[in-house]
Amino acid sequence: MTSKLIQIENASAILSKVLKSKSSNKYKLLQILNFYTLTRDYQYTDSSYSFYIQFIDDFTALIQKDIIACLKPEEIESLLEFIAFLKTQTNSYKEALQKSEDKLNEERKRVIAILSGSSANLSSAFSNKINIALIEQNANSEHLKFGTIGKLRIDEAIVSDEIKVKFTNQTNSGSELLKQLNQSVNVAQKDSKRKKKYKLLFEFEESDSEYDGSSLGCAAACLAFNSMFRSELHNFYYRFKDDAVITGAVDNLGILIPLSEESLKIKLETVFYSEYNTFVIPRDNFNFCYDLLEILEKEYPERKLLLVPVSNYKEVLENTNVSVRYYLRAGERINSYYKKYQQAINVAAMVVIITGLAYAALGIIIPELDKNPVNVEYTDNKYILKNKYGKPVWESKKIGKGRDRYAKINTVEFNNSLFLDFDGNDEKEFIYVKSVENKPEYERTIFITSGDSEKIFYSLPVKSFFTKRGDTLLSPMYIFNLNVLDSNRFGYGKIFFEAQTRFFPCVIGVLDSCGNLLSEFWNYGHLSLYYKNDFDKDGHIEYYFGGSNNKDNCAFFTVFDTEFIDGASPEHDITGNNKPGTEKYYINIPGSKLLEKSDNMRNHAFEIIRSSDTSIFVSTKEMVYRDSTGTQVQPYLMYYFDRDMNCVGVVGDDYFTKIYNIMQKENPELEPLNEYYKTLRNQVMWWDGEKYVNERAINKEYLKRVSKTQ
């Protein structure tokens, strides 16, 4: 017992030093918990000093500070157990302990809500700060390490000394942190090609801790590059997503250095149990993180954490899961110019004031003179662009009846207009499709305006189409969808459109910011939906389209890498160009026996939904059916695919089950429904670039195109 008492005395002395040191509240709290774990089995006597009593004030005060995020459920349970134990040992702290217990119970509810997927998502707003996953330890207890998340910010300002890079929180003079900060800034300066002097101040918002380590390197490089980029008076700068966390050091080329598995495990678990939704990691650590995340998700399947692997810090700046380009408003540009030319502006201050007074005198007519649109409205069958004062600066002609419902819906499926800055000139352009009586060419034309005059952005030419019967058909197209094309690898500024004729072909086209056609994919059949997601978790967004394949009389869906949308659907190019498609997957889905009782020639893909983190399903509409009440219903089948696009299951909805059971009563030779689902699954066909096969296959033409870009 004496040796145990000595051990507790030593631990008590170390804990006292930790509580007085520069450490985060979470670290101190868990150190008290660690001390309790050591002492709780000790049998106290009247002659023994109750060591735990001396830390109750610190313990309850830390809990009330509101900084106890990122705790695991089991850590919260241990803290509650500690409080329950303390209640049995003393009556002097009854009120403080009860408040702490209530606070921890609220924290437990919050963490459970996060892990169960029932909590409101953390705001995805963007700011000029970056969240960083860190490892915290203390010189007084080096064997204990805990994960924490710090918010790093940067200021570019004049400092009193000649230090170009300054860290305002506490750290050792020769720390890895300072070395990494200087390296990050040097990399950013080289990439931004800035030659002028800079003085950058970095700091974490939580200033109680002593910081070290190099995990802030990637984030510091992003902040430094952003600061230098903005100070050079560009039209935009970057803002970072509040629900994203970054970790990783960078070398002298800006490439992320792989982290140790021990460190990464602590950090990933810290982010997983927090309210943050995105975690940026070095690409070389992706496989380890992915495996560890799958283990965590097995215990908490509703908790969704997106991993974003990057090789170079600049990939963070162009990844919309983490950052966004923020285009400066007029006032912000003025402020930037003032900072850059402060001395000259001060000399001319009186002139500016006088000019400002004259400008204010014209305040009545300025709203009428401002022709820069900032938003768009759809009113009275017309698009109306308005300036920041709410004054109309341009309006379209009335949209035709056929287009009116699309313009009103303005959803992903039926988007007929886009309003954003395409060419980076800090002014928004409005791109849209319209319909005018007796002008069928407008159906296939995209128009653009910036509030002054309207001009054609792109016009889809009338083509001759060749059917599988050998017919030649001439039909105008009509465009029914416009949207921005997401690309994580090769930048932004591209849009895509969908267009189709009245009878069967459909085209997906890709345009640059000037309206030049970059590529197009023709499908022998209509497309009825699209969906985008990084379902296979390769760090790049894929596009999923579905509809009907008129060549094979069945439903289909196809998956595109956003960089390779070109060619035509398998086996028959309706344009006659004989250009093979570069889709990643083209999958034919068989029609069911219900089609035999329907007037429909074929089934078609109706909806694409990610049903879980590892499963996506495509629903197919099999027929139109009227039940006994005369109500029209539509039976559906759901085809489930895993991340590698293997078909892993088929299931019908209630209407499908009901109708099939009726058919089975009429024809007992029909196989049981569950067996029929297996038959349908085995009839799914994948295009391998040369032929259809009934096993998962990637299009060889896509693989060829990818290999040429590597």
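Residues numbered from 1 in each chain as written. Predicted model: local features only at pLDDT ≥ 70, side-chain atom pairs only at ≥ 80, totals over all residues. Heavy atoms only, no water.

1. A short note on the overall build of the protein
Consideration 1: Regarding its fold elements, the protein presents 18 helices and 38 strands.
Consideration 2: Among the 710 residues that make up the protein, the fraction classed as buried is 50%.
Consideration 3: Taking the contacts inside the protein whose residues are at least 6 apart along the sequence as the reference set, 62% of them involve residues at least 24 apart.
Consideration 4: In the form shown here, the protein has an accessible surface area of approximately 34,100 Å², with 50% of it arising from carbon and sulfur atoms. (Helix = DSSP H or I, 4+ residues; strand = E, 2+ residues; numbered from the N terminus. Buried < 20%, exposed > 50% of the residue type's maximum accessible area, 1.4 Å probe, protein only. Contact = heavy atoms within 4.5 Å. Areas by Shrake-Rupley, 256 points an atom, 1.4 Å probe, with all protein chains shown as cover.)

2. Describing the pairing of strand 13 (residues 375-379)
Consideration 1: Both strand 13 and strand 14 (residues 382-386) contribute to a ladder of five bridges, which runs antiparallel. For Val 376, the partnering residue across the bridge sits in strand 14 and is Leu 385.
Consideration 2: The hairpin formed by strand 13 and strand 14 contains two residues between the paired strands, and Asp 380 there has a positive phi angle of roughly 55°. (Pairing = 2+ DSSP bridges.)

3. Some words on the packing of aromatic side chains
Consideration 1: According to the stated counting rule, one finds 30 aromatic pairs in the structure shown.
Consideration 2: For the ring pair Phe 272 and Tyr 273, a centre distance of 5.5 Å and an interplane angle of 90° mean the geometry is edge-to-face.
Consideration 3: Given the relative accessible area of 0%, Phe 272 is considered buried.
Consideration 4: A relative accessible area of 4% means that Tyr 273 is categorised as buried.
Consideration 5: Ring centres 6.1 Å apart and planes at 85° place the aromatic pair Phe 496 and Phe 545 in the edge-to-face group. You can see Phe 496 sitting in strand 23 (residues 495-500) and its partner Phe 545 sitting in strand 27 (residues 542-549), a full 49 residues away along the chain.
Consideration 6: What makes Phe 496 buried here is its relative accessible area of 0%. (Phe/Tyr/Trp six-rings, centres within 6.5 Å; stacked < 30°, edge-to-face > 60°.)

4. Focus: the pairing of strand 17 (residues 429-433)
Consideration 1: The buried fraction of strand 17 amounts to five of the five residues, a majority that puts the element mostly inside the structure.
Consideration 2: Neither face of strand 17 is left uncovered, since the one carrying Glu 429, Ile 431 and Val 433 and the one carrying Phe 430 and Tyr 432 both have all their residues buried.
Consideration 3: For strand 16 (residues 417-420) and strand 17, the ladder comprises four bridges, and the chain directions are antiparallel. Within strand 17, the residue paired with Phe 419 across the bridge is Phe 430.
Consideration 4: Looking at chain direction, strand 17 and strand 18 (residues 445-449) are connected through four bridges and run antiparallel. Bridge pairing links Tyr 432 to Phe 447 in strand 18.

5. A short note on helix 5 (residues 94-116)
Consideration 1: An ideal rise of 1.5 Å per residue puts 33 Å on 23 residues; helix 5 measures up with 33 Å between its terminal C-alpha atoms.
Consideration 2: Every buried residue of helix 5 is accounted for by Leu 97, Ser 100, Glu 101, Leu 104, Glu 107, Val 111, Ala 113, Ile 114 and Leu 115.
Consideration 3: The inward-facing, buried residues of helix 5 abut helix 3 (56-64), helix 4 (73-89) and helix 8 (261-272).
Consideration 4: Immediately downstream of helix 5, the backbone of Gly 117 shows phi near 75°, a positive value. (Expected span 1.5 Å × (residues − 1).)

6. Observations concerning the pattern of salt bridges
Consideration 1: Taken as a whole and assessed by the stated rule, the structure comprises 31 salt bridges.
Consideration 2: Asp 613 is the partner of Lys 537 in a salt bridge, and the nearest nitrogen-oxygen pair spans 2.7 Å. Here Lys 537 is found in the loop between strand 26 (527-533) and strand 27, whereas its partner Asp 613 is found in the loop between strand 31 (604-612) and strand 32 (615-621), with 76 residues between them in sequence. Grouping residues by exposure puts Lys 537 and Asp 613 together as buried.
Consideration 3: Note that Lys 691 and Asp 688 form a salt bridge whose closest N and O atoms lie 3.3 Å from each other.
Consideration 4: The exposure class assigned to Asp 688 is buried, which follows from its relative accessible area of 7%.
Consideration 5: Residues participating in the shared-partner salt-bridge network are Glu 294, Lys 537, Arg 610, Asp 613 and Arg 643. (Salt bridge = Lys/Arg side-chain N within 4 Å of Asp/Glu carboxyl O.)

7. Observations regarding the nonpolar core
Consideration 1: Grouped together as the largest cluster of nonpolar side chains are 52 residues, with contacts concentrated most on Phe 59, Leu 268, Val 271, Phe 272, Phe 279 and Leu 307.
Consideration 2: For Phe 59, the contacting residues outside a window of four places in its chain are Leu 29, Ile 32, Leu 79, Phe 82, Ile 83 and Leu 86. (Core = buried A, V, L, I, M, F, W, Y, C linked by side-chain atoms within 4.5 Å.)

8. Examining unusual backbone geometry
Consideration 1: A positive phi is found at Lys 537, a non-glycine position, where the angle reads about 55°.
Consideration 2: Overall, Lys 537 belongs to the buried group, its relative accessible area being 12%.
Consideration 3: A positive phi angle, close to 50°, is found at Asn 553, a residue other than glycine.
Consideration 4: By the secondary structure assignment, Asn 553 is in the loop between strand 27 and strand 28 (554-561).
Consideration 5: For Asn 553, a relative accessible area of 32% puts it in the partly exposed group.

9. Details of the environment of Thr 501
Consideration 1: Within the secondary structure, Thr 501 sits in the loop between strand 23 and strand 24 (506-511).
Consideration 2: Linking Thr 501 and Met 477, residues 24 residues apart in sequence, is a C-alpha distance of 4.6 Å.

10. A look at the packing of helix 6 (residues 176-192) against helix 7 (residues 217-231)
Each pair of packed helices gets described by two things: the angle between the helix axes and the distance between those axes.
Consideration 1: It is at 8 Å that the axes of helix 6 and helix 7 come closest, and there the two elements cross at 40°. In terms of axis orientation, helix 6 runs oblique to helix 7. Of the two elements, helix 6 crosses helix 7, and the hand of that crossing is right-handed. Between helix 6 and helix 7, the residues in contact are Gln 180, Leu 181, Ser 184, Val 185, Ala 188, Gln 189, Asp 191 and Ser 192 and Gly 217, Ala 220, Ala 221, Ala 224, Phe 225 and Met 228, respectively. (Axes fitted to C-alpha atoms, helices over the stretch in contact; angles between N-to-C directions. Parallel < 35°, antiparallel > 145°, perpendicular 65-115°, else oblique. Left-handed = near helix turned anticlockwise from the far one by under 90°.)

11. Here we look at the sheet that holds strand 23
Within a sheet, neighbouring strands are paired by backbone hydrogen bonds and run either parallel or antiparallel to one another.
Consideration 1: If you trace the five strands from one edge of the open sheet to the other, you get 22-23-24-25-29, paired in mixed fashion. Lying at the two open borders of the sheet, with one neighbouring strand each, are strand 22 (478-484) and strand 29 (567-568).
Consideration 2: Here six bridges tie strand 24 to strand 25 (residues 517-523), and the two strands are oriented antiparallel to one another. When the sheet's bridge partners are listed, Ile 508 is paired in strand 25 with Phe 521.

12. A word on the packing of helix 2 (residues 25-39) against helix 3
Consideration 1: The geometry of helix 2 relative to helix 3 is characterised by a closest axis approach of 10 Å and an angle of 140° between their N-to-C directions. Relative to helix 3, helix 2 is oriented oblique. Pair helix 2 / helix 3 crosses with left-handed handedness. The segment helix 2 lies against helix 3, with Asn 25, Lys 28, Leu 29 and Ile 32 engaging Asp 58, Phe 59, Leu 62 and Ile 63.
Consideration 2: In the contact of helix 2 with helix 3, the residues fall into five nonpolar, one polar and two charged. (Nonpolar A, V, L, I, M, F, W, Y, C, P; charged D, E, K, R; others polar.)

13. A short note on the confidence of the model for the protein
Consideration 1: Scored by pLDDT, the protein comes out at a mean of 81, with 81% of its residues at no less than 70.
Consideration 2: Counted against residues more than four places away or in other chains, residues 44-49, with its pLDDT under 50, gives six contacts.
Consideration 3: Counted against residues more than four places away or in other chains, residues 409-414, with its pLDDT under 50, gives eleven contacts. (pLDDT = per-residue confidence, 0-100.)

14. Points about the sheet that holds strand 18
Consideration 1: Taken in spatial order, the four strands line up as 16-17-18-19 in an open sheet, and their pairing is antiparallel. What marks the edges here is a single partner per strand, and that holds for strand 16 and strand 19 (454-459). Across the sheet, the mean angle from the axis of one strand to that of its neighbour is 20°, orientation sign disregarded.
Consideration 2: As defined by bridge partners, strand 18 adjoins strand 19 across five bridges and the pair is classed as antiparallel. In the sheet register, Ile 446 faces strand 19, and the bridge partner there is Tyr 458.

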